[in-house]
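# Structural overview
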Amino acid sequence: MPRFFAIPLLFAAMNLSAQTRFNWQAHRGGRGIMPENSLPAFRKSLEIKEVATLELDVVVSKDRQVVVSHEPFFSADFCLAPGGKEIAKGDQKKHNLYQLTYAEIKQYDCGSKGNKAYPEQQKMPVAKPLLGEVLQMAEQYCRDNNRPPVHYNIEIKSSPDGDGTYHPNVTEFSTLVYEVIKQHVPLSRVVLQSFDFRVLKHWHTQYPDVALSALVANLKSAEKNVEELGFTPAIYSPYFKMILDKNAVDKIHGMGMKLVPWTINDVADMRRLKDWGVDGIITDYPNRIAEVR
């Protein structure tokens, strides 16, 4: 193994060593059953004993608060503007979180409308929470309910085109997120993931005490993606349909990475990938995990 791979892999191994059970992850808190990336969703997933990890996304507000949200704007599919007003699909990107203070963000409702793509999702009024609020709630829930400590898979939502428009630059974005994480939870229970390899490269050098996951949606080989990244991350996380057979799983393991594909909602698919030996599964429906057994 090349020497420059050794240090990050050592830290990653230390960070992930405590998580020995299968890594079931509630995607966006379990958006199949509750409003995505909301406090009720994360709380509901914590009630499901098989869930080992809460998966979530973060963006940044105008006043530099770290907000839990998949898009850096309010989606017209499931969010309502202040006063319960509908958001036109063509105008949704004008509702840019990076141009709104958190006080303004809290006036939007992203749960009462529901999401047609997830008919089982419970409707309720919810605001996008702060990352610190989610971590604090989850840690308190685990303590109060004698639940094993939960892990967190946190995605930084960024792109080169979005710098300065939908989010700060990689360095500022990363600093804001790291400081919130460090304030609330042990770094050993956190994985930082991103499709933006600039983010992973920055964390690899600046925060080697945090395990990293490379999100992948392209058709390049794992070898090619790792080559472009410049180091071997702790976790390789591709779209699940890119994992074609057990040999693909073994190949990624042979490269020294854990494999956690996304986003698997069909029970038969979950069983197949689990039988092939993946290390975890990200799903919108944590309530279906029990069926896999």
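Residues numbered from 1 in each chain as written. Predicted model: local features only at pLDDT ≥ 70, side-chain atom pairs only at ≥ 80, totals over all residues. Heavy atoms only, no water.

## Some details on the overall build of the chain
- Looking only at helices and strands, the chain has 10 helices and 11 strands in total.
- Over its C-alpha trace the chain gives a radius of gyration of 18 Å, about what one expects of a compact globule, namely 19 Å for 293 residues.
- The C-alpha extent of the chain, read off along each of the three principal axes, is 55 × 40 × 40 Å.
- Counting all 293 residues of the chain, 58% fall into the buried class.
- Taking all contacts inside the chain whose residues are at least 6 apart in sequence as the whole, residues at least 24 apart take part in 62%.
- In the structure as shown, the chain presents an accessible area of about 12900 Å², 52% of it carried by carbon and sulfur atoms.
- Separation of charge centres in the chain, based on 36 positive and 34 negative side chains, amounts to 1 Å. (Helix = DSSP H or I, 4+ residues; strand = E, 2+ residues; numbered from the N terminus. Rg over C-alpha atoms; globule rule 2.2 N^0.38 Å. Buried < 20%, exposed > 50% of the residue type's maximum accessible area, 1.4 Å probe, protein only. Contact = heavy atoms within 4.5 Å. Areas by Shrake-Rupley, 256 points an atom, 1.4 Å probe, with all protein chains shown as cover. Lys, Arg positive; Asp, Glu negative; His and termini not counted. Charge placed at Lys NZ, Arg CZ, Asp CG, Glu CD.)

## Thoughts on the packing of aromatic side chains
- The full count for this structure, using the stated rule, is nine aromatic pairs.
- Each ring, one from Phe195 and one from Trp262, has its centre 5.7 Å from the other, and the planes form 90°; the classification is edge-to-face. Of this pair, Phe195 sits in the loop between strand E7 (190-194) and helix H6 (197-206) while Trp262 is found in the loop between strand E10 (258-259) and helix H9 (267-276), placing the two residues 67 residues apart along the sequence.
- Within the aromatic cluster, the residues linked to one another by ring pairs are Phe195, Tyr239, Phe240 and Trp262.
- Above the ring of Tyr285, the side-chain terminus of Arg288 is found at 3.6 Å from the ring centroid. (Phe/Tyr/Trp six-rings, centres within 6.5 Å; stacked < 30°, edge-to-face > 60°. Lys NZ or Arg CZ within 6 Å of the ring centre and 35° of its normal.)

## Re empty space enclosed by the protein
- Under the defined criterion, the tally for this structure stands at two cavities of 30 Å³ or more.
- Of the volumes computed, that of the second largest cavity is approximately 40 Å³.
- Lining the second largest cavity, in full, are Glu36, Asn37, Ser38, Ser69, Phe78, Cys110, Val126, Ala127, Lys128 and Pro129.
- Residue composition of the lining of the second largest cavity, by class: five nonpolar, three polar and two charged. (1 Å grid on protein atoms, 1.4 Å probe; cavity = no way out; pocket = protein on both sides within 12 Å on 5 of 7 lines; lining within 4 Å. Points joined across faces, edges and corners; volume = space filled by probe spheres on them. Nonpolar A, V, L, I, M, F, W, Y, C, P; charged D, E, K, R; others polar.)

## Quick look at the pattern of salt bridges
- Here the structure, examined in full by the defined rule, presents 18 salt bridges.
- A salt bridge links Lys246 to Asp250, with the shortest nitrogen-to-oxygen separation between them at 3.1 Å. Here Asp250 and Lys246 lie together in helix H8 (residues 246-254), a separation of four residues that amounts to about one turn.
- Using a relative accessible area of 40% as the deciding quantity, one classes Lys246 as partly exposed.
- The exposure class assigned to Asp250 is partly exposed, which follows from its relative accessible area of 36%.
- Salt bridges linked by common partners bring Arg28, Arg31, Glu36 and Asp284 together as one network. (Salt bridge = Lys/Arg side-chain N within 4 Å of Asp/Glu carboxyl O.)

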